[in-house]
Every structure is written in C-alpha cells, then in structure tokens.
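The residues making up each chain are set out below.
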Amino acid sequence: MGKFAGDKMTGAWKWYRENGKLMQTGSFIEEKKSGVWRRYHPNGALYDDGEFDGNKKVGEWRTYDASGKLIKTTKHKVK
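Everything in this summary refers to the structure shown in the same document. Keep in mind it's a predicted model, so treat the numbers as computed, not measured.

**Describing unusual backbone geometry**
Piece 1. If you check the backbone angles, Glu-31 has positive phi at about 65° while not being a glycine.
Piece 2. One non-glycine residue with positive phi stands out, namely Asn-55, at about 70°.
Piece 3. Assignment of secondary structure puts Asn-55 in the loop between β5 (46-53) and β6 (56-64).
Piece 4. For Asn-55, a relative accessible area of 42% corresponds to the partly exposed category.

Spelled out as structure tokens, the structure:
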C-alpha cells in the first residue's frame, strides 16, 4: 500500500503478507528506495532494518532472529 506520482512509486509504502501481517515498510523518492526500510519475520518480529539512498544500502544495517535478538550488523559505505 502506498502512493503513486503518475506511474512512479513515491512516499511511504507498506507491504502485507497474505495473512494480514506486516511484511515490509519503506519509502521511495522518484521510484528509488530511500530512507529507513524495515522487514519483518512471519511472526511479526523485526527481521532487519537500515537505510537506502537511491536504491543502495547505506550506513549500518541490523539483522535480528525471530525472537528479536540482534544477530548481525553490516556496514555499507555512504556515497
């Protein structure tokens, strides 16, 4: 669920699983992933989060197990 500007995805978006649980959230600027993105495990716990800048991961991304425990941190170069 989100908005279109003409035929391009823009602004905040949310995706849901068939069972209605939140699957992912993120934003677009001129149809490119931008800002904070979050994905969720099927049980609703956070799977990972981090930022995009023009479709590229930037900064620190964190990955969590299904119980919400941080299991990995990955750093991406900021351009």
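Now, onward.
**Here's the deal with the sheet that holds strand β4 (residues 32-40)**
Piece 1. Spatially, β1-β2-β3-β4-β5-β6-β7 is the arrangement adopted by the seven strands of the open sheet, whose pairing is antiparallel. Among the strands making up the open sheet, the edge pair consists of β1 (3-5) and β7 (70-76). The sheet shows a mean angle of 10° between the axes of neighbouring strands, direction not considered.

Scoring rules and cut-offs
Residues numbered from 1 in each chain as written. Predicted model: local features only at pLDDT ≥ 70, side-chain atom pairs only at ≥ 80, totals over all residues. Heavy atoms only, no water. Helix = DSSP H or I, 4+ residues; strand = E, 2+ residues; numbered from the N terminus. Buried < 20%, exposed > 50% of the residue type's maximum accessible area, 1.4 Å probe, protein only. Pairing = 2+ DSSP bridges. Axes fitted to C-alpha atoms, helices over the stretch in contact; angles between N-to-C directions.

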